[in-house]
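The chain contents come next:
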Amino acid sequence: MFNPMQIMQLMGQLQNSNNPMGLIQNIFGDNPVMQRALQMGQGKSPEQLQQTVRNLAQQKGMDAGQLNQFLSQFGLRL
């Protein structure tokens with residue numbers, strides 16, 4: 001998949017992009033897992049997206065603290 005430096009570079013590109021969804025689709029267009037993730041997020045409110053992330057983390061055995069610690073590595077928080 002991607003290493004942390006690639007993810008950080010992507011985050012910078014997204015912040016500077018006029019069309020973040022287009023950029024994401026171009027980067028991950030051939031990855032079926034990312035395509036599914038993009039489909040799951042389309043048409044959802046920020047609150048719904050946050051709940052989806054929490055649900056996925058819980059399914060993987062992560063508690064809220066672990067999820068926030070993971071997200072903080074990328075400058076994100078829920």
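Scroll up to find the structure.
Residues numbered from 1 in each chain as written. Predicted model: local features only at pLDDT ≥ 70, side-chain atom pairs only at ≥ 80, totals over all residues. Heavy atoms only, no water.

Caption draft 1: The overall build of the protein chain, seen in detail. Across its full length, the protein chain carries five helices and zero strands. Starting at the N terminus and walking to the C terminus, you meet the elements of the protein chain as α-α-α-α-α. Taken across its 78 residues, the protein chain has 17% of its residues classed as buried. For the protein chain, the share of sequence-separated contacts (at least 6 apart) that also reach a separation of at least 24 residues comes to 31%. As presented, the protein chain carries roughly 6100 Å² of accessible surface, and 53% of it is formed by carbon and sulfur atoms. (Helix = DSSP H or I, 4+ residues; strand = E, 2+ residues; numbered from the N terminus. Buried < 20%, exposed > 50% of the residue type's maximum accessible area, 1.4 Å probe, protein only. Contact = heavy atoms within 4.5 Å. Areas by Shrake-Rupley, 256 points an atom, 1.4 Å probe, with all protein chains shown as cover.)

Caption draft 2: Just the environment of valine 53, in detail. The topology assignment puts valine 53 in helix α4 (residues 46-59). For valine 53, a relative accessible area of 32% corresponds to the partly exposed category. Each residue touching valine 53, except ones within four places of it in the same chain, is listed here: Leu67 and Leu78.

Caption draft 3: Here's a closer look at the side chain of threonine 52. Structurally, the position occupied by threonine 52 is in helix α4. Under the relative-accessibility criterion, threonine 52 is labelled buried at 16%. A polar contact is formed between the side chain of threonine 52 and the backbone oxygen of glutamine 48, at a distance of 2.9 Å. With sequence-adjacent residues up to four places away left out, threonine 52 is seen in contact with Met40 and Lys44. (Polar contact = N/O pair within 3.5 Å; in protein donor to acceptor, adjacent residues only side chain to side chain.)

Caption draft 4: Expanded view of the environment of isoleucine 24. Within the secondary structure layout, isoleucine 24 lies in helix α2 (residues 20-28). Residues isoleucine 24 and leucine 38 lie 14 residues apart in sequence; the distance between their C-alpha atoms is 8.7 Å.

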